[in-house]
Amino acid sequence: MSPVIVLAALAPLAWGEQVELAHPANPSFARSLQSPAPLAVGMRVGVRLASRRCLEGDGWKLRLYPLGSLQGYEASIIGARTADGCTRELDALLPHDIPMGVAEAVLTDSRDHSSEPQAVRLNPVQFALLHNAGRAMAQRMEGGRLQPLSLTAPARAGDRILVRAAGLGRARAEEVRLRLAQTRVRPLSVRAVAGEPGLEEIEFEMPANLSLLGCYVPLATEVNGVEENVVSIPVAGAVGPCRHQLGLTEAQLLLLDTGGRIPLVEFLIDRNFNLAVVSSGMAGSDLIASSTGHDQPPLQSGCQVSRTTGGGVGDAVYYWEEQLADKLPLGDLELTSPDGSKENPRHERLGPIGVYFSPGGFGPRVPDPGGVWQLRASNGDASIDWRVRVPPEVQPEELDPAALLAEGGIQQVRWNGGDYLESEWMIFRLRRDNTASELVCAAPAPDGRMSVDIGRFLKIPSDAAQRPYLQMSVWRQAPLLSPLRIGGTDGVGITIGLGRSYTWVRR
Amino acid sequence: MTHFTLVVQLLLAALGAQDWPEPRRLLAYHPADEWVAGNFFADEPSELAASSLAIVQVWNDRLHCLLPDKARVRVQVRVQAGRTLEAEVVSILHCSAVQVRLPAKLPSGTHEITVLYDNAKLESGEVRIVRSYFGVLKPVGDAAGTRMKLTGAASGGSVISLFGTGLGDVSREEIRGELDGTPLALLDMEREDSGAGLDVLRFRLPAQLTVEGCYVPMAVRVAGKWSDILPVAVSPSGGACRHPLGLPPQQMEILDSGRSIGLASVQLTSTGQRGWSRYSAAMTLAGLDLVAEAAFERHAEGCRTLPPNRPRAYPVMLDGGTVSVRGPGGVLPPEDSVQGALPPGAYVVQTTGGLDVPPFSVQVRIPEPPRPAQRVRRLANDDLSIEWDGAKYEEGEVFTVSAFDGREPGFICKAPARAGIMTIPARAERIGRVAVAVERSKQHPQLFPLLMSNGARFQGIMDYSLSEDFSIFVQPGGQP
């Protein structure tokens, strides 16, 4: 592709239209406004106007200008996504010959009117799996035919699975690895998708003896040691549906697979932000998937260095294709705190949580002893009388994080184990600003002590300017479910009680 | 000194914590008063003129999309009991704010303004109408109205255009333009009383220009109100202006085309012995506006009313790794502010390098901060004179005194630090607390060259600001 030199004046910036480019693994176009969007050369990208206006007419062109250069490189427009007569998104294929590094992308129309530039960073590789609400676009090969994986038709050992990805860039197919839960899988092949320029597909065989089964088993690709995103696939050990963390029946799973919805109510108490929110609605497979999250292996005592995944292609969580439904008619809600005081919690519809003013959230902090909160509903279509335990505030005994870091080695951290239940685990996370790895240690909270391997943390490459950050928090092993029947239909109630964490940042 | 006693003292009292006021639920303001936008605790609407464009912002106790569809929004102004006028809804700015054009027949005074959605009242507030309240909305344009380019600067006799809204009912005689203090001839004015257009003022520059540069300050005064100060690119022979950051023509051409260049900015800040010190360093993408913000000195010597505190755009950051600073007292703690002033002396700024910018190192000499023992005198004409030891400072360093009490507009005075003296006009009587600072002039920035990983070159600006808070009380009758 030959470089194109464009000297056309742009519309005045104050009146210019913002354009957004996103990796196909980032269907919500989520991005940091303060960093260039990371993309790979030669990959397919989604292009849209930030205002979500229709892209009227033909003749759209996308050019990329390496920073500091007047020379532009043209991307090919290879498709458009149109609904109700409105084109909201274009598909473009980035050039292969553009120099690596920061560039600005400018969209122009047939009259040569230009958008404001969007900053991108062109990397040799930015390989990430395509997904829908966090679930991989995955198919099983059956007798030469492809069948999409679903909750009622999950993958099983020995199946040949195809998943889609984008952003292989200049990496070689042999450099790609897969991780399914904790199991490494070598792909059978990594190739371009026929008829879909700029996309890749990975074929692999489901390994036997997987340690983790479920409807959302985490799946990631790795190139040169970097995992860009983690999605999930449904995996079962035998014929039949996958085992759902929310205890959904086969009939409910089939309903979700065929586009149906089930009632869902989430009740969240978060003492870190003094939040008490009830979210409800009829939830389809997208919302159920994002409410559930990935299946996790059982927590085990000990420490490990975990990579913080997601170099920036975007966050899978904030994306739903399904329309958000109205909140359920739960009637009057009453929340009773552990000290007996009563208040009315917020009741929102399911979906992206709003930003709340928390009147008490920034007030003087006093140690939170935790306790059981009770949610009751009256005069509505559901009978709710739920209790959620909020663990006491984490208060480590005689902990001096600065001294801990100075001494290194293996150190003991203690707290009052008598405050906690068997199902509660103490999680110790230590990381630094802008590093890709963190030290994560876990122990049953009632133990009241854990050994933390500071020596392993100190081996993570960093420099003095990257401040260490420590958080200790209490987690439950599995979600707490509550019975819900509304209007004669069985649904799911999820209660989450987050106690106050202990945090420390080096000053 | 017979009628006044001057008391100069360090401000010792820490500001007490205050409760946030309840935010107004509807705020109507001039589009040029952008600093109001998005400020939940802004408590005063700005003034507006009839026919002016205005932004009307509403919110609830939860950030929520209250106005998703323009077609379902109506905005009404009640001018007297039983009589309401409809404002034209021009656009939805974001889902809690609309841009409207106010009715042409609005009388001066405070009126009730109401936003309706699906014909149901959403919120009401007040709108303050005055005869004229002009604010500039676009960068300075050439005779045809196109944004002036750095590579196509104005020269002697050029025509420049200002686009704004709120001109109101004024005559030509009430409009005054200045280019760096030099009066400009008003060529013509166009008032847009209908539609979504803007008021336009066109001025002709003098045939013989005594100033040049990419950011020569221009201001316009309409019916007694000064607009914001705007930069105008001026070159004696047209063509490219001389850029204070030393940008070569190719980089100015990139900026003129609407795209960005790289820019690094290192800032060392100290608010005095009883204050704090910190440093910041950023390597960013910078377009025309961000480069102008870094390079445009709104005024050089003398005193002026404080310009509006415009919101800063969030720049796209380049990855240059982490930054550390070593000074006479050792390595400064990263990012956090520390108690006390920065000691004068040599400082070295170093980066580790990152994806976009390789490591670099730059040195700077920090001068002595202003001392509370500056000599302050009231002159015979009631002006206030402040003197200091100018020999301690270098060319390119400026001494500033700024005051802002929250009600008065406030002012800022500047003088070359080497001069050792500054005169503040008689309005000093109203001074309560002032900030006295020594900082680097944007007209004489300390620059350092940088190289990006892709081979592109860009500029870095080394900046510092060393201030002290003083209280200067000027009281009649000789009693402090």
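Here the structure is a predicted model, which is why all the values come from computation and not from measurement.

What counts and what doesn't
- Residues numbered from 1 in each chain as written.
- Chains lettered and ligands numbered in written order.
- Predicted model: local features only at pLDDT ≥ 70, side-chain atom pairs only at ≥ 80, totals over all residues.
- Heavy atoms only, no water.
- Helix = DSSP H or I, 4+ residues; strand = E, 2+ residues; numbered from the N terminus.
- Contact = heavy atoms within 4.5 Å.
- Areas by Shrake-Rupley, 256 points an atom, 1.4 Å probe, with all protein chains shown as cover.
- Buried < 20%, exposed > 50% of the residue type's maximum accessible area, 1.4 Å probe, protein only.
- Phe/Tyr/Trp six-rings, centres within 6.5 Å; stacked < 30°, edge-to-face > 60°.
- Lys NZ or Arg CZ within 6 Å of the ring centre and 35° of its normal.
- Salt bridge = Lys/Arg side-chain N within 4 Å of Asp/Glu carboxyl O.
- Pairing = 2+ DSSP bridges.
- Disulfide = S-S within 2.5 Å.
- pLDDT = per-residue confidence, 0-100.
- Axes fitted to C-alpha atoms, helices over the stretch in contact; angles between N-to-C directions.

Asks: Can you walk me through the overall build of chain B in this structure?
Replies: For chain B, the count of helices and strands is 2 helices and 34 strands. Long-range pairs, those at least 24 residues apart, make up 67% of the contacts in chain B with a sequence separation of at least 6. Split by element, the accessible area of chain B, about 21,900 Å² in all, is 50% carbon and sulfur.

Asks: Help me understand the overall build of chain A, please; the structure alone is not making it clear to me.
Replies: Scanning chain A for helices and strands turns up 4 helices and 38 strands. Expressed as a percentage of its 507 residues, the buried residues of chain A come to 52%. Long-range pairs, those at least 24 residues apart, make up 71% of the contacts in chain A with a sequence separation of at least 6. Per element, the accessible surface of chain A, about 23,100 Å² overall, is 49% carbon and sulfur.

Asks: It is not clear to me how the packing of aromatic side chains should be interpreted in this structure. Could you clarify?
Replies: Geometry of an aromatic ring pair is reported as the spacing of the ring centres plus the angle between the planes. Following the criterion strictly, the structure yields 3 aromatic pairs over all chains and no others. Aromatic side chains Tyr215(B) and Phe296(B) sit 6.3 Å apart centroid to centroid with 35° between the ring planes, which places their arrangement in the tilted category. Separated by 81 residues along the polypeptide, Tyr215(B) in strand β16 (residues 213-222) and Phe296(B) in the loop between α2 (288-295) and β21 (302-305) bring together distant segments of the chain. A single burial state applies to Tyr215(B) and to Phe296(B), both of which are buried. The residue whose ring lies beneath Arg48(A) is Phe29(A), and the NZ or CZ to ring-centre distance is 4.1 Å. Here the basic side chain of Lys225(B) rests over the ring of Tyr133(B), its NZ or CZ set 4.4 Å away from the ring centre.

Asks: Please clarify how the pattern of salt bridges should be interpreted in this entry.
Replies: All names here are of chain A. Tallying each qualifying case throughout the model produces 39 salt bridges over all chains. Linking Asp91 and Arg81 is a salt bridge whose minimum nitrogen-to-oxygen distance equals 3.3 Å. A residue pair is termed long-range when its members are at least 10 positions apart, and Asp91 in strand β7 (residues 86-93) and Arg81 in strand β6 (residues 71-83) qualify at 10 residues. With relative accessibility at 8%, the residue Asp91 sits in the buried group. One salt bridge connects Arg485 with Asp490, and the closest N-O pair in it is separated by 2.8 Å. We classify Asp490 as partly exposed; its relative accessible area is 43%. By sharing partners, the salt bridges in this structure join Arg44, Arg81, Glu89, Asp91 and Glu196 into a single network.

Asks: Looking at this model, I keep getting lost on the sheet that holds strand β26 (residues 361-366) of chain B. Mind explaining?
Replies: Hydrogen bonding along the main chain pairs the strands of a sheet, whether they run parallel or antiparallel. Residues and elements named next belong to chain B. With antiparallel pairing, the 4 strands of this open sheet are ordered in space as β23-β22-β25-β26. Each edge of the open sheet is held by one strand with a lone partner, namely β23 (330-331) and β26. The sheet contact formed by strand β25 (residues 345-351) and β26 spans 6 bridges and is antiparallel. Pairing of Ala346 across the sheet is with Arg365, part of β26.

Asks: For this particular structure, what's the right way to read the state of the cysteines?
Replies: Disulfide: a covalent bond connecting the sulfur atoms of a pair of cysteines. Residue and element names in this part refer to chain B. Under the definition given, this model contains 4 disulfides over all chains. The disulfide bridge from Cys214 ends at Cys241, spanning 2.0 Å between sulfur atoms. Given an S-S torsion of about 100°, the disulfide between Cys214 and Cys241 has right-handed geometry. Residue Cys214 is found in strand β16, and its partner Cys241 is found in the loop between β18 (230-234) and α1 (249-256); the two are separated by 27 residues along the sequence. With relative accessibility at 3%, the residue Cys214 sits in the buried group. Since its relative accessible area comes to 5%, Cys241 is described here as buried. Sequential numbering of the bridged cysteines in chain A gives the disulfide pattern 1-2, 3-4, 5-6.

Asks: Please explain the confidence of the model for chain B as it appears in this structure.
Replies: Any residue range with low pLDDT should be treated as having predicted coordinates unsuitable for detailed reading. Residue and element names in this part refer to chain B. With 82% of its residues at a pLDDT of at least 70, chain B reaches an overall mean of 82. The secondary structure element of chain B with the lowest average pLDDT is strand β1 (residues 4-10), at 30, and the one with the highest is α1, at 95. Here residues 36-42 scores under 50 on pLDDT; set against residues more than four positions off or in separate chains, the count is 15 contacts. Contacts for the low-pLDDT stretch residues 474-480, under 50 throughout, to residues beyond four places or in other chains number 18 contacts.

Asks: Sorry, what's going on with the pairing of strand β20 (residues 276-286) of chain B here?
Replies: Looking along a regular strand, one sees side chains alternate from face to face of the sheet. All names here are of chain B. Relative to β20, strand β19 (residues 261-270) is paired through 10 bridges, and the arrangement is antiparallel. Its bridge partner being in β20, Ala264 is matched across the sheet by Met283. Taking the residues between adjacent antiparallel strands as the criterion, β19 and β20 are bridged by 5 residues, where Gly272 takes a positive phi near 110°. Relative to strand β24 (residues 338-339), β20 is paired through 2 bridges, and the arrangement is antiparallel.

Asks: Would you explain the sheet that holds strand β37 (residues 489-498) of chain A in this entry?
Replies: All names here are of chain A. Read from one edge of the open sheet, 5 strands run β27-β23-β22-β37-β36, paired in mixed fashion. In this open sheet, the two strands that pair with only one neighbour each are β27 (346-349) and β36 (480-486). The mean angle between the axes of side-by-side strands here comes to 20°, regardless of whether they run parallel or antiparallel. In the sheet, strand β22 (residues 262-270) pairs with β37 via 7 bridges, with the strands oriented parallel. Looking across to β37, one finds that Ile269 is bridged to Gly497. Against the sheet, helix α1 (residues 250-257) engages β22, β23 (275-283) and β37, with an angle of about 100° to β22. Where helix α2 (residues 285-292) meets the sheet, its contacts fall on β22, β23 and β37, and the angle it forms with β22 comes to roughly 30°.

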